[in-house]
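Residue-level listing of the chains:
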Amino acid sequence: MKNFITLDTLFRRTIAVCLIALFALAAGCSSVRFTYNQGDTLLYWWLDSYADLEGEQATVAKRDIDKLFQWHRQTQLRDYAALLGTMQKELAGNPSQADLVGIYKEIRVRGERLAARAVPEMTTLALSIKPDQIADIERKFNSKNEEFRRKFVEGSQEKRQRERYKKAMKQLELWFGNFNSEQQALLRKASDARPLDSHIWLEERVWRQRRILGLLRKFQQEKPNREQAAAQIAAMQREFFNRTESPERKAFYDTYLDQTTKFMLTAIRIATPAQKKHAHERMQGWINDFQALAAGK
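Residues numbered from 1 in each chain as written. Predicted model: local features only at pLDDT ≥ 70, side-chain atom pairs only at ≥ 80, totals over all residues. Heavy atoms only, no water.

K.L.:
Summarise the overall build of the protein chain; cite the residues concerned and give the values.
P.N.:
Across its full length, the protein chain carries 15 helices and 0 strands. Taking all 297 residues of the protein chain together, 51% fall into the buried category. Of all intrachain contacts in the protein chain linking residues separated by at least 6 positions in sequence, the fraction that spans at least 24 positions is 83%. A total accessible area of about 14,300 Å² is found for the protein chain, and carbon and sulfur atoms account for 51% of it. (Helix = DSSP H or I, 4+ residues; strand = E, 2+ residues; numbered from the N terminus. Buried < 20%, exposed > 50% of the residue type's maximum accessible area, 1.4 Å probe, protein only. Contact = heavy atoms within 4.5 Å. Areas by Shrake-Rupley, 256 points an atom, 1.4 Å probe, with all protein chains shown as cover.)

Take a look at the structure:
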């Protein structure tokens, strides 16, 4: 499911790691419970790798991450289990492309809900960031962008299509298990039929990063109070989520969602009964993990 959601900025990555129980599925983790129980530590390490948190700043960040995870565990995980149950039922039948788009929208709703809840913690962190840390974040962004450019933007069309296909297959095999050579050929053809638009994704990454850096520098210059800063962060979140409807990008995002759901539908339609059973059992394991986590286990 990670292909449906691209969250590559500091604040949106915070959301992504808090949603680690869902993103662990796409990242190749077989044990949601283990990954989620390490999520607060993983999130702190990730933030620290960007901003080099220190002293009281680090202490407060750890406290706020813990508080956010407590809320998430207590209020969101049973809902995730229910969503996976819906996906199980759809997979058992013959889901349509509209069904897959519906799942995407359901996940987006949950991302927006978490983003809104995380505004206080994001505000505390943003107001504590110092000029040298902003420079560190910018360098990290640039380094990650270069890595993305080398892997997905530069090189021949064949190379870029192959890298995209390998990434997609890693996720599909987590759900369905191994595909035979005939299935792989069909999936490669369906994958290659999608627009090769990694350069636009890179542009979107850079656009979001500039918005974040710009806001952090604005806070440094204007010294807003907490209420003002929180309002600006919430506005930036809305801008990020509403990017799919912006005049300059709506056509791109609509095409991306259309082609991605068609690719996913191809995988579902060629899956054997055994592969669908594998997916059903894998999802049931994740449902069980969500329910156990929600119960504090």
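K.L.:
Break down the side chain of Ser191 for me, with residues and values.
P.N.:
Mapped onto the elements, Ser191 comes out in helix 11 (residues 181-192). What makes Ser191 buried here is its relative accessible area of 0%. Setting aside residues no more than four positions away along its own chain, Ser191 makes contact with Arg164, Tyr165 and Phe263.

K.L.:
I'd like to hear about unusual backbone geometry, residue by residue, with values.
P.N.:
Despite not being glycine, Asp52 has its phi angle at roughly 50°, a positive value. Secondary-structure assignment places Asp52 in the loop between helix 4 (39-51) and helix 5 (55-75).

K.L.:
Give me the packing of aromatic side chains: which residues, what numbers.
P.N.:
Under the counting rule described, the total for this entry stands at 12 aromatic pairs. On the basis of an interplanar angle of 65° and a centroid distance of 5.7 Å, the ring pair of Tyr50 and Phe141 is categorised as edge-to-face. With Tyr50 in helix 4 and Phe141 in helix 9 (residues 131-153), the pair connects residues that are 91 residues apart, well separated along the chain. The residues Tyr50 and Phe141 share a single accessibility class, namely buried. Here Trp207 and Phe240 contribute two aromatic rings whose centre-to-centre distance is 5.8 Å and whose plane-to-plane angle is 70°, an arrangement assigned as edge-to-face. (Phe/Tyr/Trp six-rings, centres within 6.5 Å; stacked < 30°, edge-to-face > 60°.)

K.L.:
Account for the nonpolar core, naming residues and giving values.
P.N.:
In this structure, Leu53, Leu84, Leu172, Trp175, Phe176, Leu187 and Met283 are the most contacted members of the largest nonpolar core, which totals 66 residues. Counting residues in hydrophobic clusters, the runner-up holds 8 residues, among them Phe148, Ile200, Trp201 and Leu202. (Core = buried A, V, L, I, M, F, W, Y, C linked by side-chain atoms within 4.5 Å.)

K.L.:
Describe the packing of helix 5 against helix 6 (residues 77-92), with residues and values.
P.N.:
Following both chains from N to C, one finds helix 5 and helix 6 inclined at 45°, their axes separated by 4 Å at the closest point. Between helix 5 and helix 6, the interaxial angle falls into the category oblique. Every residue of helix 6 that contacts helix 5 at His72, Arg73, Gln74 and Thr75 is listed here: Leu77, Arg78 and Tyr80. Grouping the amino acids of the contact of helix 5 with helix 6 by side-chain chemistry returns 2 nonpolar, 3 polar and 2 charged. (Axes fitted to C-alpha atoms, helices over the stretch in contact; angles between N-to-C directions. Parallel < 35°, antiparallel > 145°, perpendicular 65-115°, else oblique. Nonpolar A, V, L, I, M, F, W, Y, C, P; charged D, E, K, R; others polar.)

K.L.:
Could you give an account of helix 5, naming the residues involved and the relevant values?
P.N.:
A rise of 1.5 Å per residue sets the reference length of helix 5, with its 21 residues, at 30 Å; its end C-alpha atoms lie 31 Å apart and thus fit the reference within 8%. Every buried residue of helix 5 is accounted for by Gln57, Ala58, Val60, Ala61, Asp64, Ile65, Leu68, Phe69, Trp71 and His72. (Expected span 1.5 Å × (residues − 1).)

K.L.:
Mind laying out helix 7 (residues 97-117), listing which residues take part and the relevant values?
P.N.:
Over its 21 residues, helix 7 extends 31 Å from the first C-alpha to the last, a length consistent with the 30 Å expected when each residue adds 1.5 Å. All of the buried residues along helix 7 are Leu100, Val101, Ile103, Tyr104, Ile107, Arg108, Arg110, Gly111, Leu114 and Ala115.

K.L.:
If you had to explain the pattern of salt bridges to someone new, which residues and values would you point to?
P.N.:
Inspection of the entire model under this criterion finds 25 salt bridges. Notably, a salt bridge pairs Asp79 with Arg110, separated by 2.6 Å at the nearest N-O pair. Placement of the pair is Asp79 in helix 6 and Arg110 in helix 7, with a sequence separation of 31 residues. Judged by its relative accessible area of 7%, Arg110 is buried. Linked by salt bridges that have partners in common, Glu203, Glu204, Arg243, Glu248 and Arg249 make up one network. (Salt bridge = Lys/Arg side-chain N within 4 Å of Asp/Glu carboxyl O.)

That's the geometry; what it means functionally is another story.
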